Amino acid sequence: MGGDSGRPVVILADDDEAVTSNLAPFLERSGFTVHVAPDGEAAAGLIERLDPDACVLDVLMPRADGREVLRRLRAAGRWLPVILLTQVGESSERAIALDEGADDYLNKPFDPYELLARLRAVLRRARPGRRPLSASPSLRAGDLRMDRIARRAWLRDAELTLTPKAMLLLDYLVTHPNELLSRERLLELLWGFDFPVGTRAVDNRVAELRRALGDDPARPAWIATIPGQGYRFVPQVEESR
Amino acid sequence: MNRSAPGTLLRILLPALAGVAVGVVLQLTEPRVRLYAAIAPALLSVIIGLICTAALVVRVVARQRISAAVAAAEAAASGRAAAQAAQDRLRFLARLDHELKNPLTAMRAGLANVDQALGRLAAVDGARTALTSVSGQADRITRLVSDLRRLADLEALQIEMAPVDLSKLLGEVAEASAGLPGAADRSIRANVPQAPWPLPLVDGDRDLLFVAVQNLVANAVKYSRPGDTLEIRASEDGDAVLVEVADTGIGIPADEVGQVWEELARGRAARAIPGTGIGLALVRVIVARHGGRVAIRSREGQGTVVSVWLPVPGRSRTASAVADLRQRRDTAGETAP
């Protein structure tokens, strides 16, 4: 883990040279050692050879796209953090990206500082040699149990009745515990884009989840509000069975 | 069809009348001719009359069939053309989005590089200002691209329908509007009826409907002046709930009113005010996805009112349906945040 200099090693795979030639020096200057791959096969080769700390994969690439590389990694039991650069704006597409075991995703054209923030977050969250929460089919957080494949959740023995969007939000919260998640980011998750005036849409879904979980916003055991910033999922999350 | 009825009747009866007339003449002038000779032409005439009638009916029916078929074909063709145009537009937006996102990603990363490099040379004259300006423009193009993408997504998005209490929603919009820039200088009023009965529920996606109305209010604030009045109103209108957002603002010139619902439409007066020209197009798409319709009336220099009709489910049924809606309202009230 980590390069010789102690800098995290990151593979950046994108077939557009304009993107990699600008992103790589930015990430280098931000403290990473970056190796660029122009397609999926090259990325897979670099990952095999360098054992990097994380990789950033564009979904649309020649010779094995980002998803294909991710599937192969997970099938081989490689759990290094992966950020997908998605092309499609729809949230369902993202849900699929998460189901496939991506640790996070970003929609192009993204703010490079946002990529930096997410890279640091996935590295912080990484559990070396262990499957990331985002690639686990079933999770447990206190009395809450989630079957992520079937998109079902139980609190103690009672199944939660949630709208699809609230379930998507819960899934994201549970797979990103103890992390400050901005309203804008959660909005993008739920809707696939940011509304001009819509962060209250996130607040409404959080309120729905709190009701379902019996959470008291004043003394939150599940979802804490970080004033002026966003939300944080409070309990410890573990893989279940 | 109705207007030709007397003519048709005459045409039907004429042969028969002619037959009767011939019979009467024969009877009077040739009393020795047997009665059947008088009746035969009359019968013949009746038969001819019947045949004429049948021919006429066949012609009329055939004409109707043909014109209906032509109309249906025309409607289908124009429907196909409209659907095709919508498809083409979506495909164009997707391509535009696709072609712009990589260059924009590269530009933003490049600017971030320059930003990092400049960090060490903070005193470079004017460079920081130029960088900030270019970054701002890159962000603006990004926003425009994602706005267009958002519209395309909305047209295809699966909508989660649930009963929505518009009274409550409009109250929230009014409350949220207080935070808009310039809102403090305008008088914003919400008027939602509670008597003789509250507004019926509509079926829809609460978040999307909120965004639609909020966009209208944001527009009204944007295109009005300090001291102007804004009203958010709702009422029952037949099978729909009518939501209106009205302002005493700058209004829209008559020749531009028809274009305001189009993407990127920016009026002459609006050019001085920042915006992407997506807001009303977004409202139109959201309302259309809910089976509703929109309209706008405006007078330059006097103000604008935008009307949104949202269908009330089961409205054509009577008291039991109303009771059911009330019941659903109560349930919705319990589960609403």
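Before any of the text, the structure's been laid out above.
Since this is a predicted model, take the numbers as computed values, not measurements. (Residues numbered from 1 in each chain as written. Chains lettered and ligands numbered in written order. Predicted model: local features only at pLDDT ≥ 70, side-chain atom pairs only at ≥ 80, totals over all residues. Heavy atoms only, no water.)

Undergrad: Explain the environment of proline 164 of chain A to me, please; I cannot follow it from the model alone.
TA: As for its position among the elements, proline 164 of chain A is in helix H6 (residues 164-175). Considered as a pair, proline 164 of chain A and arginine 151 of chain A are 13 residues apart in the sequence and their alpha carbons are 8.7 Å apart. (Helix = DSSP H or I, 4+ residues; strand = E, 2+ residues; numbered from the N terminus.)

Undergrad: I would appreciate a short explanation of the sheet that holds strand S3 (residues 54-58) of chain A in the present structure.
TA: Working definition: the strands of a sheet are paired by backbone hydrogen bonds and lie parallel or antiparallel to each other. All names here are of chain A. Here five strands make up an open sheet; going across it, the order is S2-S1-S3-S4-S5 and the pairing parallel. The outermost strands of the open sheet, each flanked by one partner alone, are strand S2 (33-37) and strand S5 (104-107). If you compare each strand with its neighbour and ignore which way they point, the axes differ by 20 degrees on average. Of the pairings in the sheet, the one linking S3 to strand S4 (residues 82-86) comprises four bridges and is parallel in character. The residue bridging valine 56 from the neighbouring strand is isoleucine 83, located in S4. (Pairing = 2+ DSSP bridges. Axes fitted to C-alpha atoms, helices over the stretch in contact; angles between N-to-C directions.)

Undergrad: Can you help me understand the pattern of salt bridges in this one?
TA: Any two side chains of opposite charge can pair, on the condition that their charged atoms come close. Residues and elements named next belong to chain A. A complete count under the given rule lists 32 salt bridges over all chains for this structure. With a closest N to O distance of 2.7 Å, aspartate 171 and arginine 148 form a salt bridge. Note that aspartate 171 is positioned in helix H6 and arginine 148 in the loop between strand S7 (144-147) and strand S8 (152-155), a separation of 23 residues in sequence. Arginine 148 matches aspartate 171 in its accessibility class, with the two residues each being buried. A cluster of three or more residues bridged by salt bridges with shared partners is formed by Asp104, Glu114, Arg118, Arg125, Glu179 and Arg185. (Salt bridge = Lys/Arg side-chain N within 4 Å of Asp/Glu carboxyl O. Buried < 20%, exposed > 50% of the residue type's maximum accessible area, 1.4 Å probe, protein only.)

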